[in-house]
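Residue strings, one per chain:
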Amino acid sequence: MAATGQVAAAADLETLHEVAQQIRVDGIRASTRAGSGHPTSSMSAADLMAVLAGRHLRYDFQHPELPTNDHLIFSKGHASPLLYALYKACGAISEEELMTYRTYGSRLQGHPTPVLPWVDVATGSLGQGLPIAVGVALAGRYLDRLPYRVWVLCGDSEMAEGSCWEALDKASHYGLDNLCVIVDVNRLGQRGETEFGWDMEVYRRRVEAFGCRALVIDGHNLEEVDGAYVDARETLGRPAVILARTIKGKGFSEIEDKNGWHGTALKPDMAERAIAELGGIRDLHIEVRPPAPGAPAIQPDHAPVSLPTYNPGDKVATRRAFGDALAALGARPDVVALDGEVSNSTYSDAFDKAHPERFFQMWIAEQALVAAAVGLQVRGYVPFAATFAAFFSRAYDFIRMAAISQADLRLCGSHAGSEIGADGPSQMALEDLAAMRAIQGSTVLYPSDAVSTAKLVAQMADRSGISYMRTTRGAYPVLYDNGTEFAIGGAKVLRRGDGDRAAIVAAGVTLHNALEAADRLAAEGINCRVIDCYSIKPISVDVLAEAARDCGNTLVVVEDHYPEGGLGAAVMEALAGQEHPPRILHLAVRDLPGSGKTSDLLAAAGIDADAIVNAARHAATTSGGH
Ligand SMILES: Cc1ncc(C[n+]2csc(CCOP(=O)(O)OP(=O)(O)O)c2C)c(N)n1
């Protein structure tokens, strides 16, 4: 793409040395004022960032929404004094705002978040910015087809995180030469020396072993830094990793390369001496070059989606319906799917078959899977990431951080609960509902049949925040007509009558057991209400409260999940504020399951139709209302 005439001249290295000193000084001033922060981690990378911003970054700080802007991600998010001082040097924030660092209500939080328009994702949990950057670079290369570059700053101690190496592996697999990783090898971590200190050769060998181009430089020699950024553009087909040997606390001789200064703001008298040694306060401004104009190759449009339909009574697994619905949703050009090497089990392979150009295989690397999805949504795509529900627990910190990033993310976990049977407990998700419910602002869905699954998958695409769908391995009857709508936050009452004597709340496989139990009890003359609680968060307080009111103020809740934090907990929490909270008979998986037939495992856990019959009969015969 041709450069435009308005491109500002790149700053000379002498000026950038002064800018780097200013950034060090400003980082010290902001953190000393706050009384906390990481000035020394900021000082080591100041030269790297000054040269980047002054000569290589293409970014319009007045228009962060421009699709051709580069992305700068601070994976070492604790270097926020550096980032914010850089923003000030680039004219994005004022001196006054810089001095609000870490104070209540300020946009300049201890670690960066997208409360700031130039920050793509929250960082500060180390090992996340780099794998998320892979998702952004995937979008640039394969979807947007735009020449923006993705720059990531990592710490050397941070590189001990396996997620960083998963990320480099995926970046090289996908040939992401639009990604440039800058590792600030300042030898020190939080509590002392890192595993490899300044052994640059170890880093070089590792980076090369993962298929990336390693560029080892002195991170305080501005010519070398500049040359590395130039070289990094010419790593055709490979990501570049600049391994910069630096000094923690660089520029202030009292603490340079000394242990014990990580995460410590300088006391005012020390700060004064540091500022003097660094040449005093400056007010220099970097003219960051704006990006060339351009538009992404894919534009979101609301192409009509025709969801799959099913015949009531046919046996269809909800995981199958998820795959069918996802493939159908692919009619929308902004929908993308990611897999953790289980797409023939989650059935996201249906999307791969229909839209291979928007399907990303992340292999058995769940952190990379979730992180890449976060990166893709940074670029406006609508990612669905699927794996076994149990395995999302490996990426839980990424999901937690995605909520802080205010990411719109769709996750589907298959093979939920003891229902999977023979594969045994290592493959069973029995904690996922609790984990996903605890995510800030999340949506948690657990459909029981194919029609409700398809309808809910479609709604996930337009849902903000983290939405999670739990699907079931086995095939169970389709319960609903294709015209039925399933509002998120709703529940369906599948059996009801005036004389209901007990109410059973279920979801997923246990709903089918509940229906069988209700039929058997009806034959005994005990009518039960049966509620399909497909939306676990938000949950339908009204339907549950009404059921409790109508049915002796007792609810039988049955779930294929450990008792803590799942459907039962959601029901109890929802009704705890009622004037007369109902009694809850809670059937859940209380012991460690083994392997066996589904029917054996559901019986052993006490969540099959027999167990529900007993619990509902007990409820009917012992509840007297209030
Ligand atoms: C996942 C995670 N573990 C631990 C921490 C705590 N922590 C914050 S900074 C840090 C040391 C980082 O050292 P390095 O990556 O070398 O960066 P530096 O500050 O030296 O530039 C640690 C352990 C964290 N933020 N995230």
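Residues numbered from 1 in each chain as written. Predicted model: local features only at pLDDT ≥ 70, side-chain atom pairs only at ≥ 80, totals over all residues. Heavy atoms only, no water.

K.L.:
Can you help me understand the overall build of the protein in this one?
P.N.:
Broken down by element type, the protein carries 22 helices and 19 strands. In terms of overall dimensions, the protein is globule-like: its C-alpha atoms have a radius of gyration of 28 Å, near the 25 Å expected for 626 residues. Along the first, second and third principal axes, the C-alpha atoms of the protein reach 90 × 50 × 40 Å. Within the protein, buried positions represent 62% of all 626 residues. Expressed as a percentage of contacts within the protein between residues at least 6 apart in sequence, the contacts between residues at least 24 apart total 79%. When the accessible area of the protein is evaluated, it comes to approximately 22,400 Å², of which 48% is carbon and sulfur surface. Mean positive and mean negative side-chain charge positions of the protein (56 and 77 charges, respectively) differ by 1 Å. (Helix = DSSP H or I, 4+ residues; strand = E, 2+ residues; numbered from the N terminus. Rg over C-alpha atoms; globule rule 2.2 N^0.38 Å. Buried < 20%, exposed > 50% of the residue type's maximum accessible area, 1.4 Å probe, protein only. Contact = heavy atoms within 4.5 Å. Areas by Shrake-Rupley, 256 points an atom, 1.4 Å probe, with all protein chains shown as cover. Lys, Arg positive; Asp, Glu negative; His and termini not counted. Charge placed at Lys NZ, Arg CZ, Asp CG, Glu CD.)

K.L.:
Could you clarify how one ought to interpret the sheet that holds strand 15 (residues 502–506) in this entry?
P.N.:
On the basis of which strands lie adjacent, the open sheet formed by five strands has the order 14-16-15-18-19 and mixed pairing. A single partner strand is all that each edge strand has here, and the edge strands are strand 14 (492–495) and strand 19 (583–587). Shown here is a sheet whose adjacent strand axes are inclined to one another by a mean of 25°, direction ignored. Examined bridge by bridge, strand 18 (residues 554–558) and strand 19 share five bridges and lie parallel to one another. Note on strand 19: the bridge partner recorded for valine 557 is histidine 586. (Pairing = 2+ DSSP bridges. Axes fitted to C-alpha atoms, helices over the stretch in contact; angles between N-to-C directions.)

K.L.:
Explain the site of the ligand to me, please; I cannot follow it from the model alone.
P.N.:
Around the ligand, the structure places 17 residues, and the nearest of them are Ser41, Lys76, His78, Asp156 and Leu188. Separating an oxygen atom of the ligand from a side-chain N or O atom of serine 41 is a distance of 2.6 Å. For the ligand, an oxygen atom lies 3.4 Å from a polar atom in the side chain of histidine 262. Out of a free accessible area of 580 Å², the ligand has 76% covered by protein chains. (Near = heavy atom within 4 Å. Polar contact = N/O pair within 3.5 Å; in protein donor to acceptor, adjacent residues only side chain to side chain.)

K.L.:
Even after reading the chapter, I still don't get the pairing of strand 16 (residues 528–532), so can you show me in this structure?
P.N.:
On a regular strand, one side chain projects to one face of the sheet and the next to the other, so that they alternate. Of all five residues in strand 16, five are buried; the element is thus mostly enclosed. Of the two faces of strand 16, the one holding Cys528, Val530 and Asp532 and the one holding Arg529 and Ile531 are both buried throughout. In this sheet, strand 16 lies alongside strand 14 in antiparallel orientation, the contact comprising three bridges. Bridged to lysine 492 within strand 16 is aspartate 532.

K.L.:
Explanation requested: the side chain of aspartate 177 in the structure shown.
P.N.:
Relative to the helices and strands, aspartate 177 resides in the loop between helix 7 (162–173) and strand 3 (179–185). Given the relative accessible area of 14%, aspartate 177 is considered buried. Excluding residues that lie within four positions of it along the chain, aspartate 177 makes contacts with Arg141, Arg149, Thr235, Leu236, Gly237, Arg238 and Pro239.

K.L.:
How do you make sense of the layout of surface pockets when you look at a structure like this?
P.N.:
The gaps of empty space that remain are located by a probe, the size of a water molecule, rolled over the atoms. Each pocket or cavity is described by its volume, and for the largest pocket that value is around 430 Å³. Together, 26 residues line the largest pocket, and Glu65, His71, Val378, Arg379 and Gly380 are the ones closest to its centre. Class assignment for the residues of the lining of the largest pocket results in 13 nonpolar, seven polar and six charged. (1 Å grid on protein atoms, 1.4 Å probe; cavity = no way out; pocket = protein on both sides within 12 Å on 5 of 7 lines; lining within 4 Å. Points joined across faces, edges and corners; volume = space filled by probe spheres on them. Nonpolar A, V, L, I, M, F, W, Y, C, P; charged D, E, K, R; others polar.)

K.L.:
What exactly am I supposed to notice about the sheet that holds strand 1 (residues 71–74) here?
P.N.:
The strands making up a sheet associate through backbone hydrogen bonding, with each pair oriented either parallel or antiparallel. Pairing within the open sheet is parallel, and its five strands lie in the order 1-2-3-5-4. Here the strands that pair on one side only, and so sit at the sheet edges, are strand 1 and strand 4 (213–218). The average undirected angle you get between the axes of adjacent strands in this sheet is 20°. Pairing between strand 1 and strand 2 (residues 150–155): four bridges, direction parallel. Paired with phenylalanine 74 across the strands is leucine 153, a residue of strand 2. The strands touched by helix 3 (residues 46–56) are strand 1, strand 2, strand 3, strand 4 and strand 5 (240–245); relative to strand 3, the strand with the most contacts, the crossing angle is about 155°.

K.L.:
Help me understand the side chain of histidine 512, please; the structure alone is not making it clear to me.
P.N.:
Following the sequence through the fold, histidine 512 ends up in helix 18 (residues 509–523). When its relative accessible area of 11% is taken as the criterion, histidine 512 is described as buried. Beyond its immediate chain neighbours, meaning those up to four positions away, histidine 512 contacts Ser448, Tyr476, Pro477 and Leu479.

K.L.:
When you look at unusual backbone geometry in this model, what are you seeing that I'm missing?
P.N.:
Glycine aside, the phi torsion of most residues is negative, and most peptide linkages are trans. Cis geometry marks the peptide bond from lysine 537 to proline 538; its omega dihedral reads 0°. The residue proline 538 is located in the loop between strand 17 (535–537) and helix 19 (541–550) in this model. For arginine 145, which is not glycine, the phi dihedral falls at a positive 55°. If you trace the backbone, arginine 145 turns up in the loop between helix 6 (129–144) and strand 2. Accessibility expressed as a relative area gives 59% for arginine 145, which makes it exposed. Despite not being glycine, tyrosine 347 shows a phi value in the positive range, around 70°. Topologically, tyrosine 347 is positioned in the loop between helix 12 (343–346) and helix 13 (349–354).

K.L.:
How do you make sense of the confidence of the model for the protein when you look at a structure like this?
P.N.:
Caution applies to low-pLDDT parts of the model: their predicted coordinates are not meant to be read in detail. Scored by pLDDT, the protein comes out at a mean of 96, with 98% of its residues at no less than 70. Low pLDDT, under 50, characterises residues 1–7; the stretch is placed with ten contacts to residues that sit more than four places away or in other chains. (pLDDT = per-residue confidence, 0-100.)

K.L.:
Is there a simple way to think about the state of the cysteines in this case?
P.N.:
Structurally, a disulfide amounts to a covalent bond that connects the sulfur atoms of two cysteines. Going through the model one piece at a time under the given rule, you end up with zero disulfides. In this structure cysteine 412 is not part of a disulfide, and its nearest cysteine sulfur, from cysteine 533, lies 18 Å away. Here cysteine 551 is not disulfide-linked; the sulfur of cysteine 528 is the nearest cysteine sulfur, at 8.0 Å. (Disulfide = S-S within 2.5 Å.)

K.L.:
Just checking my understanding: could you explain helix 18 for this structure?
P.N.:
Along an α-helix, a turn takes 3.6 residues, which lines up residues three or four apart on a common side. Taking 1.5 Å of rise per residue, 15 residues should cover 21 Å, and helix 18 covers 22 Å from first to last C-alpha, within 8% of that figure. Within the span of helix 18, buried status applies to Val509, Thr510, Leu511, His512, Asn513, Ala514, Leu515, Ala517, Ala518 and Leu521. Glycine 525 sits one or two residues past helix 18 and shows a positive phi near 95°. (Expected span 1.5 Å × (residues − 1).)

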